[in-house]
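# Notes for the structure review
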Amino acid sequence: MKLEWYHPEPPFDPRAEGLLPGVGGFPPSDRHLFLAGYTALCHSLPAGGRALEICGGFGKLAAALAKAVPDAEVIGLDLYAASGSEVDAALAECPGLSYVAGDAFDLGGYPEGHFDLVFGQAALHHLAHDIDGLRDAVLRVIKPGGKLVFVFEPLGHNPWIAAIRAWRFARAELGDESNLFAHQFERLGQGFSRCEVQSFNLLGYPMKAASDRFGAVAEVVQTLDHRLMRWFPGLHRMAANCNLVFTK
Ligand SMILES: C[S@@+](CC[C@H](N)C(=O)[O-])C[C@H]1O[C@@H](n2cnc3c(N)ncnc32)[C@H](O)[C@@H]1O
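Residues numbered from 1 in each chain as written. Predicted model: local features only at pLDDT ≥ 70, side-chain atom pairs only at ≥ 80, totals over all residues. Heavy atoms only, no water.

### Examining the side chain of His 226
Convention followed: Working definition: helices are DSSP H or I runs of at least four residues, strands are E runs of at least two. Numbering for both runs from the N terminus. A 1.4 Å probe rolled over the protein chains alone gives each residue an accessible area, and that area as a share of the maximum for its type sets the label: buried under 20%, exposed over 50%, partly exposed in between. Note on definitions: a residue-residue contact is assigned when non-hydrogen atoms from the two residues lie within 4.5 Å.
Tracing the chain through its elements places His 226 in helix H10 (residues 215-231). Classification of His 226 as buried rests on a relative accessible area of 13%. Apart from the residues lying within four places of it in its own chain, the contact partners of His 226 are His 7 and Glu 9.

Have a look at this one:
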């Protein structure tokens, strides 16, 4: 499985904006990352199609996707089923939306080739201790040509970024931010025909604090990141974050 690395730039799918409530709050420097990831979600789920979100947490992204794609069936799965007044409102608004408690490694209850799209946000790094088990579970339920998409995952190849993350984790500033590596994507990609890695936050990671304070700086940093990664493709894996798009 050869990984295809790139840094997506605007324009993004106009429907992706409508999915931004699916992440709650995020810094301006991560805006392109989410818009690119959500563009992949919108392109992977046809009207009337079926999607499964794994590690869906409070279920906001599943709800936003169900609203964005007409007649789609979207299931939000997490170890703990999403609940609360926002969830009740979303369920009332979207007939195709449902939430279940379940384990991402155990999708045996779904028929083979059932979903156009399986996706997760800030999810893969919670599942990376058993890449083979995850691949076996998701590959079976995705239909041929269907997609597996992960949005907002931490990359660990850059020692400087890994050190900042470890430092912040040690200070209890991060919940769980274990790093992911290319060999894990290659392993997860076995059985898929294509694996795209969208990399973000190269300079943007150390400069996050500045660019988040001054919104305009975020745009400049994005452009710098894009140029650097285009001129020196080896820098893609040195970025801090990525989205992943696997095609079965
Ligand atoms: C960082 S949160 C991300 C939540 C949500 N996707 C978001 O973007 O806000 C990770 C979630 O993964 C869930 N999780 C961890 N291991 C899981 C597993 N094996 N199966 C299903 N969900 C799992 C946790 O319960 C948690 O809600």
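Back to the write-up after that little detour.
### Focus: the pattern of salt bridges
So the rule is basically this: Salt bridges are counted wherever a side-chain nitrogen of Lys or Arg sits within 4 Å of a carboxyl oxygen of Asp or Glu.
Summed over all chains, the structure comprises 10 salt bridges. Across the pair Asp 116 and Lys 143 runs a salt bridge whose closest N-O atoms are separated by 3.1 Å. Pair noted here: Asp 116 is in strand S5 (residues 115-121) and Lys 143 is in strand S6 (residues 142-154), with a separation of 27 residues, a long-range link. Between Asp 136 and Arg 135 there is a salt bridge, and its shortest N-O distance comes to 3.8 Å. It is possible to trace a salt-bridge network through shared partners that takes in Asp 132, Arg 135, Asp 136 and Arg 187.

### Some words on the site of the ligand
To keep it simple, the criterion reads: The criterion for a residue being near a molecule or strand is simple. One of its heavy atoms has to lie within 4 Å of it. Here a polar contact is taken to be a pair of N or O atoms separated by no more than 3.5 Å, where protein atoms must pair a possible hydrogen donor with a possible acceptor and residues adjacent in sequence count only if both atoms sit in side chains. For the area figures, the Shrake-Rupley method with a 1.4 Å probe applies, and any residue is considered shielded solely by the protein chains shown.
Around the ligand sit 15 residues, and of these Cys 55, Asp 78, Asp 103, Ala 104 and Gln 121 come closest. Residue Leu 79 places a main-chain N or O atom 3.4 Å away from a nitrogen atom belonging to the ligand. Between Asp 103 and the ligand, the recorded distance is 3.0 Å, taken from a side-chain N or O atom to a nitrogen atom. Relative to its free-state accessible area of 600 Å², the ligand is covered by the protein chains to the extent of 72%.

### Notes on the environment of Asp 116
Residue Asp 116 is classed as buried on the basis of its relative accessible area of 11%. Remark: the alpha-carbon pair of Asp 116 and Ile 54, spanning 62 residues in sequence, is separated by 14 Å. Discounting chain neighbours no more than four positions away, the residues touching Asp 116 are Ser 44, Leu 45, Pro 46, Gly 49, Arg 50, Lys 143, Gly 146 and Lys 147. Among the polar contacts made by the side chain of Asp 116, one reaches the side chain of Lys 143 at a distance of 3.1 Å.

This is a description of form; function is not addressed.
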